[in-house]
Structures are given as C-alpha cells and as structure tokens.
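# Structural overview for review
Letter by letter, the chains look like this.
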Amino acid sequence: MQTTQTPSDTGPRPLEPALAVPAFTGGVRVLFAPGGGDVATLAGPATSLALRPVRDGVRTALERLAEGPRPAEELYEGLRPAERVQFERVLDRARHLVAHAVLARGGKRELLRLEPVAREAAYAPVLVPADATVRLSRFAFCRTREGALVLESPLVTFRAVLTDPAARTLAAALGEPGTPARLGADAGLDAAGTTDVLGHLVGAGFAELADEDGAFASDDEPVLRQWDFHDLLFHSRIRSGRYDDVFGAVYPHRGAIEPRPAVRPVPEGPAVPLHRPTREEIAAHDPSLTTAIETRRSIRGYGDQEMTARQLGEFLYRVARVRAHYTPEPGSDRDEVVSRPYPSGGQGYELELYVTVRRCEGLAPGIYYYDPVGHRLVLRNEEEADRESLFHVASRATGMEARPDVLVTVTARFQRMSWKYRAIAYATTLRHTGVLYQTMYLVATALGLAPCALGNGDADMSARVLGLDYLQESSVGDFLLGSRRPDDSVAGEPGEGWRMLNSPEWSLPENP
C-alpha cells in the first residue's frame, strides 16, 4: 500500500532529551569492608546504608560510581547481565543517596545533577519543543550550598546542582521567558545540550512551559496562585518529607558557640516593681477555664477608665514570669532551662516581653522591658515619638481601629533556639508565639481586660526603638491590652450570618 508523506513527516524529528546517568549525591562516600569483605556502606551526611553482598562486578560498578558520573556504557562495562541487574537493584535501594547526572553528549562533562531531597522522589525528562516559551517556576530559587550553586523549589523533590558554568548561565537566563534557541545561545550550549538541560529542569519542575495563552502554571493555576513563594518554601522546610538536610534537635553549634542563657540579662534602667497576685486572690475572682475559653474574643475598643498597674502586674505574672530555673552540673550535657506558665519546645523559652504604656493608672508612660525573674518593669525608652511609632504600627494592623492602653511586644532571642535546633528553630518560635497569644487571651479575659493579638508588626522599627540587634532579638508578635468598657457585652446570640452548629445553648462571643 502506498502512503503519502506530509511535510511534518519528512521534516527533522525533535531532539529527545538524553537520559540521566546515576551519580552519588553530595557528600556520599563508599566504604568497603576491610579485608575484601562483601559489605559496602554508602555513608551520607544525614543517613547511611549498608549493602550486602557486594562482589565482583557490583563492587567494580560502585567503585566507578564513587569516582564520579560517567556514561552508562563505561559504568557497566565488563558487567555480566545478572550483575547489571543486581547493581541496578542496589541503586534502587539506595535511591535517596543516588542523583541523576546529565552529561554532555559524547563525554563525561557533567552539566547538571539532580539530587533527591525526598525518599520517593521521581521525575522524567520532557521534550521541550523548539518553539516553546520556557521560564523558571515562580517558586524556584538559586543559592550556594556546600560550595556549589544549586537550584531549589518547594514544589520539587530534587535539588538541581548546577555543576557546569553553562548550566548556571542557563538558569540565570531562565529568569525571563525565552525560547530554547535563545536560552541556549545565552548559555553557550549547543542544541543537544540545551535540549538535555531544559528537558530535565522542566521535567523535574524547576522550569515550566508557557501554555497557548503565554501563561505559566505557577502564575495561573488557582491553587499555586494562592501560595506566596516564601510561605510555600517555609512550609516545605519545617516539616519532614521534602527536605534532606539535618533536622531537629541536633545541637549543631555545641562545642563551637556558647549557648544563650536561659534567662536574658536584665538591661539597665529604672525599675518598677509589679503587683504579685496570690493563688487565693486569683481563686476568689477568676472565672472557670471553660468560661474564659468560651467568652474569649478580640476587643479593639476601650473604656474611659484606664487599666491599672495592678492589673498589668497580675497579667504579666500569670502569663510570663519565670517559675523555676534549672542549672546543670558542670560538665553535664543537659541544657540550662527555665519554667514559665506557657509551654515551650525543649523548654527553650526564647520569648521576651516589652511593654509600651500609653495610659495605665499607677505607671508612667514609657517603653519597658519585663523582667520575668524579678517581676518588674525596667524603663528602656522614654521618647514619646518612639511610643507613638509603636502604637501607630499596632493601630494600623487593626485598620486604625484600636488605640489601646498598653502594647506588649513579643521578641525572640533567636540563637536560644537555633543553637539547639536545625531547620525548625524559627518555626518553633512562631508556634511558641501562638501558644503565648492564647495564654495572654485567657488571662486577659479572666481579668476582665480587652485583649487583641496582632498578625503584623514592624520588626525593624521595634528593634531600633527597643535598642535590639535585629538578627539576635527582634519582634515576632504584638498584643494589645486595655480596659474594657462597662457596657461591653462579653457574649450573646450570634449575629447576622452566623448559625450555631454545636451546643446552641452556649453563648457565642459577638466578635469571635
């Protein structure tokens, strides 16, 4: 049967991207048992894997791979078919330690290496058409890591190590949408090299192809559009799953840097002792825990009568005082820790409170540090302009609605946490801030005060006003306090648009 060929049938076929070859991820060493034993250990920075039996061709292939990536025909040269199958099983078992290296065709020049950051990481290179428009994903970013430039993304379960200058240039050029020809020319790559690097970057998810309307998925897809870059990156790095670096309470700086003390040194300045409530006083006037929880709400309006220093003293005592201090014996590997009323991971208690007073009966206006051991306020700043700056930022966070009596600025001594924790230190601090917020809400509600936690503040400005080093201690939260209006209703029937779903006989705060 005779067929007719169309022009597309007779034209040149698109160049398919070359498959990657195996390579060990950065820092992996191959250790063989002494005396010619049949055990080999793949030792990585965070995890290791023992392999057995490792003999003959499998051992030879491991030795070759330990020297660096090479074309498949060289890696498998001399191996019997059964040994090749066995070696590929070894690579599959160790896949979290095995990267995908993209080599220039016809040689050993490594252009790109994709290292898995998750145990089940997988991808396939894709064909990038010559007329396609390609760009880095909105979530991709470059940084230096262990002396190499890498491309990473919270959407991708691989890290792209840009081992060759051409790959680094191409990654930079992908900051702007372009065609493969233009991108390859900028990087000094031939058509085959451009096809290979782009095919793997797009296949893994670091780069993306524009659709027929010229839009990119990371800009246009509804779910991705609702993720900010820094939020998704933060989410991917503070939970296990797609992050392969050392993680958790590993004490990365022990022996090299002294830890920050459990109790912050009290700054110099005039001190004002605060009221210390007794358990009997609290028991006499406190509502039940359930009442405090169910009537808690954010209040941004305040009474004509200012709150009192006695109320502020009781609030701070019940929220943030240091209850006890543990000092380990010399030479012990235990941590120096304290106990406070709210929970803190590892008893780190890195949070500190600064109190800016606008009006408070029995206490002069000013910016104070709360000494949680001495239970007193230490004056840090008397400048009215600085107080008004802090209050203005706080009011702006409420839509210029609130004008509180007192602003509590929550700061964190960051190195108190990062000396002990790797990767999760700041995330843990934010969790602590949320826990502290709830403690503040419940105590303020029990005291009949008007509380309101804020979702934003100016950490740079507050560091200046409070006399702090931004990188060592700066603000992570803000909390408004004031007197409650006498006619302020704590709870009642739900307003328009609300429908009670559980326990309708319970009252609902009017402003949940």
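Residues numbered from 1 in each chain as written. Predicted model: local features only at pLDDT ≥ 70, side-chain atom pairs only at ≥ 80, totals over all residues. Heavy atoms only, no water.

## Brief notes about the sheet that holds strand β4 (residues 48–51)
Applied cut-off: Strand pairing is assigned whenever DSSP identifies at least 2 bridges connecting the two strands. The helix count covers DSSP runs of H or I at least four residues long, the strand count covers runs of E at least two residues long, and both are numbered beginning at the N terminus. Helix axes use the C-alpha atoms of the stretch in contact, all axes being lines fitted to C-alpha atoms, and the angles between their N-to-C directions lie in the range 0 to 180 degrees.
Strand order in the open sheet formed by three strands is β2-β3-β4, and the pairing between neighbours is antiparallel. The sheet terminates laterally at β2 (29–32) and β4, the two strands that pair on one side only. Each strand axis lies, on average, 20° off the axis of its neighbour in the sheet, ignoring direction. Strand direction decides the pairing type here: β2 and strand β3 (residues 40–43), joined by four bridges, are antiparallel.

## Let's talk about a negative patch on the surface
What counts is decided by this rule: Each patch is built from salt-bridge-free residues with over 30% relative accessible area, joining like charges within 9 Å and nonpolar side chains (Val, Leu, Ile, Met, Phe, Trp, Tyr) within 5 Å. Values of accessible area rely on a 1.4 Å probe in the Shrake-Rupley scheme; residue burial ignores everything except the protein chains shown. A pair is scored as a salt bridge if a Lys or Arg side-chain nitrogen falls within 4 Å of a carboxyl oxygen belonging to Asp or Glu. Only four residue types enter the tally: Lys and Arg on the positive side, Asp and Glu on the negative side; His and the chain ends are excluded. Lysine's charge is taken at NZ, arginine's at CZ, aspartate's at CG and glutamate's at CD. For every residue, the accessible area (1.4 Å probe, protein chains only) is compared with the maximum for its type, and the residue is labelled buried under 20%, exposed over 50%, or partly exposed between those bounds.
Together, D211, E212, D213, D220 and E221 make up a region of like negative charge exposed at the surface. Structurally, E221 can be placed in the loop between α8 (217–220) and α9 (222–225). Residue E221 is classed as partly exposed on the basis of its relative accessible area of 31%.

## Digging into the side chain of N381
This is how the line gets drawn: Counted as a polar contact is a pair of N or O atoms within 3.5 Å, where, for protein atoms, one must be capable of donating a hydrogen and the other of accepting one, and residues adjacent in sequence contribute only when both atoms are in side chains. By the convention used here, residues are in contact when the closest approach between their heavy atoms is within 4.5 Å.
Take N381: it is sitting in strand β18 (residues 376–381). Among the polar contacts made by the side chain of N381, one reaches the side chain of D386 at a distance of 2.9 Å. In terms of polar contacts, N381 uses its side chain to reach the backbone carbonyl oxygen of V465, at 3.1 Å. Those residues in contact with N381, other than ones at most four positions away along the chain, are G366, I367, D386 and V465.

## Re the pattern of salt bridges
According to the stated counting rule, one finds 34 salt bridges in the structure shown. With a closest N to O distance of 2.7 Å, D219 and R135 form a salt bridge. Residue D219 is found in helix α8, and its partner R135 is found in strand β7 (residues 134–136); the two are separated by 84 residues along the sequence. R135 sits in the buried class, given a relative accessible area of 12%.

## Observations concerning the state of the cysteines
Using the following cut-off: Cysteine sulfur atoms are paired as a disulfide whenever they fall within 2.5 Å.
Tallied over the entire structure, the rule returns zero disulfides. C360 takes part in no disulfide bond, and the closest cysteine sulfur, belonging to C452, lies 18 Å away. When its relative accessible area of 3% is taken as the criterion, C360 is described as buried.

## What about the sheet that holds β18?
Ordered in space as β13-β18-β17-β16-β19-β22-β21, the seven strands form an open sheet in which the pairing is antiparallel. With partners counted over all chains shown, the strands left at the sheet margins are β13 (271–273) and β21 (449–454), one partner each. On average, each strand axis in the sheet is inclined to that of its neighbour by 30°, with strand direction left out of account. Of the strands in this sheet, β16 (351–357), β17 (366–371), β18, β19 (406–413), β21 and β22 (473–483) are in contact with helix α13 (residues 309–320), which crosses β16 at around 170°. Across the sheet, helix α16 (residues 425–446) lies against β16, β19, β21 and β22, angled at about 10° from β22, the strand it touches most.

## Considerations on the pairing of β19
Taken across its eight residues, β19 has eight buried, putting it largely inside the fold. Neither face of β19 is left uncovered, since the one carrying V406, V408, V410 and A412 and the one carrying L407, T409, T411 and R413 both have all their residues buried. For β16 and β19, the ladder comprises seven bridges, and the chain directions are antiparallel. Its bridge partner lying in β19, V355 is registered against V408. Relative to β22, β19 is paired through eight bridges, and the arrangement is antiparallel. Within β22, the residue paired with V406 across the bridge is L481.

## Some remarks on the confidence of the model for the protein
Heads up, the condition is: A score between 0 and 100, pLDDT records how confident the predictor is in each residue.
Taken residue by residue, the protein gives an average pLDDT of 92. The fraction at 70 or more is 95%. Here residues 1–8 is modelled with pLDDT under 50, and outside its nearest four sequence neighbours on either side it reaches two contacts, counting other chains as well.

## Remarks on the environment of A320
Locating A320 in the fold gives a position in helix α13. For A320 and Y369, which are 49 residues apart along the polypeptide, the C-alpha to C-alpha distance reads 12 Å. Non-local contacts of A320, meaning those with residues more than four positions away in its chain, are made with R340, P341, Y342, L353, Y370 and P372.

## Observations concerning the nonpolar core
Worth spelling out the cut-off: In plain words, nonpolar cores are sets of buried Ala, Val, Leu, Ile, Met, Phe, Trp, Tyr and Cys residues tied together by side-chain atoms within 4.5 Å.
In terms of nonpolar packing, the biggest core is built from 40 residues, with L312, F315, M440 and L481 touching the most fellow members. Counting only elements with at least two residues in this core, the list comes to α13, β16, β17, β18, β19, α16, β21 and β22. In this structure, F315 is in contact with M440, V443, A444, L447, F479 and L481, ignoring residues within four places of it in sequence. One finds L111, L162, L183 and V197 within the second-largest nonpolar core, a separate group that totals 33 residues.

## Observations regarding the environment of P273
Tracing the chain through its elements places P273 in strand β13. Sequence spacing of P273 and G313 is 40 residues, and the spatial spacing of their C-alpha atoms is 8.6 Å. Setting aside chain neighbours within four positions, we find P273 in contact with H375 and R376.

## Quick notes on the packing of aromatic side chains
Applied cut-off: Centres within 6.5 Å make a pair out of two Phe, Tyr or Trp rings, where for Trp the six-membered ring is used; the pair is then stacked when the planes are under 30 degrees apart, edge-to-face when over 60, and tilted otherwise.
Enumeration according to the criterion identifies twelve aromatic pairs in this entry. On the basis of an interplanar angle of 55° and a centroid distance of 5.3 Å, the ring pair of Y354 and Y369 is categorised as tilted. Placement of the pair is Y354 in strand β16 and Y369 in strand β17, with a sequence separation of 15 residues. For the pair Y437 and F479, a centre-to-centre distance of 6.0 Å together with 45° between the ring planes defines the contact as tilted. Of this pair, Y437 sits in helix α16 while F479 sits in strand β22; the two residues are 42 residues apart in sequence, bridging distant segments of the chain.

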